[in-house]
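Take a look at the letters that make up each chain.
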Amino acid sequence: MWPRVRQLLWRALALLSLTLGLIGIVLPGLPTVPFVLLAAWAGGKGWPALEAWLLNHPRHGPAIRRWRDHGAVPRRAKWAATLMMGLSATVLALSPAPLAVKLAVPAVMAAVAIWLWRRPEI
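What you see is a predicted model; the values in this text were computed from it and never measured.

Peer 1: Explain the layout of surface pockets here, please?
Peer 2: The volume enclosed by the largest pocket comes to roughly 1,500 Å³. Along its surface, the largest pocket is lined by 35 residues, and Thr 32, Val 33, Pro 34, Ala 77 and Ala 81 are the ones closest to its centre. Secondary structure elements with two or more residues in the lining of the largest pocket: helix H1 (2-26), helix H2 (33-46), helix H4 (61-70), helix H5 (75-94) and helix H6 (99-117). Counted by class, the lining of the largest pocket contains 27 nonpolar, 5 polar and 3 charged residues.

Encoded structure:
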């Protein structure tokens, strides 16, 4: 029983992640790539057919494989993420959010940007 439950939980995580990734395509502020990467990882644990489909996808498969093999992020993606974080920090600064939020969120985004730019670009 437990192996079947475990497989269903992995599949649920993969499906939820893929769904959030698809929503992220049209909803600004919701990242697509991390959810697709999570879907491929969870699929590898409990849904091999989904994992294979994602890895062989003509558009997204190569990026998923580059991340898995080398932890690589394309330069274009780095620039896009950095620009979106900068735009988000600007909008946040102009909002009525509490000062602590206006300071903490950009600090986290800066840490993420530093981490992102340290990733290889194979």
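Peer 1: So what exactly am I meant to see when it comes to H6 here?
Peer 2: An ideal rise of 1.5 Å per residue puts 27 Å on 19 residues; H6 measures up with 27 Å between its terminal C-alpha atoms. Residues of H6 that are buried include every one of Met 109, Ala 113 and Leu 116, and no others. Burial along H6 is one-sided: seen end-on, the buried residues are contained in an arc of 60°. Those residues of H6 that are exposed and aimed more than 90 degrees away from the buried face are Leu 99, Ala 100, Leu 103, Val 108 and Ile 114.

Peer 1: I'm lost on the environment of Ala 107 in this one. Help?
Peer 2: Among the structural elements, Ala 107 can be located in helix H6. Along the sequence, Ala 107 and Val 33 sit 74 residues apart, while their C-alpha atoms lie 22 Å from each other.

What counts, and at which threshold
- Residues numbered from 1 in each chain as written.
- Predicted model: local features only at pLDDT ≥ 70, side-chain atom pairs only at ≥ 80, totals over all residues.
- Heavy atoms only, no water.
- 1 Å grid on protein atoms, 1.4 Å probe; cavity = no way out; pocket = protein on both sides within 12 Å on 5 of 7 lines; lining within 4 Å.
- Points joined across faces, edges and corners; volume = space filled by probe spheres on them.
- Helix = DSSP H or I, 4+ residues; strand = E, 2+ residues; numbered from the N terminus.
- Nonpolar A, V, L, I, M, F, W, Y, C, P; charged D, E, K, R; others polar.
- Expected span 1.5 Å × (residues − 1).
- Buried < 20%, exposed > 50% of the residue type's maximum accessible area, 1.4 Å probe, protein only.
- Arc of directions from axis to C-beta.

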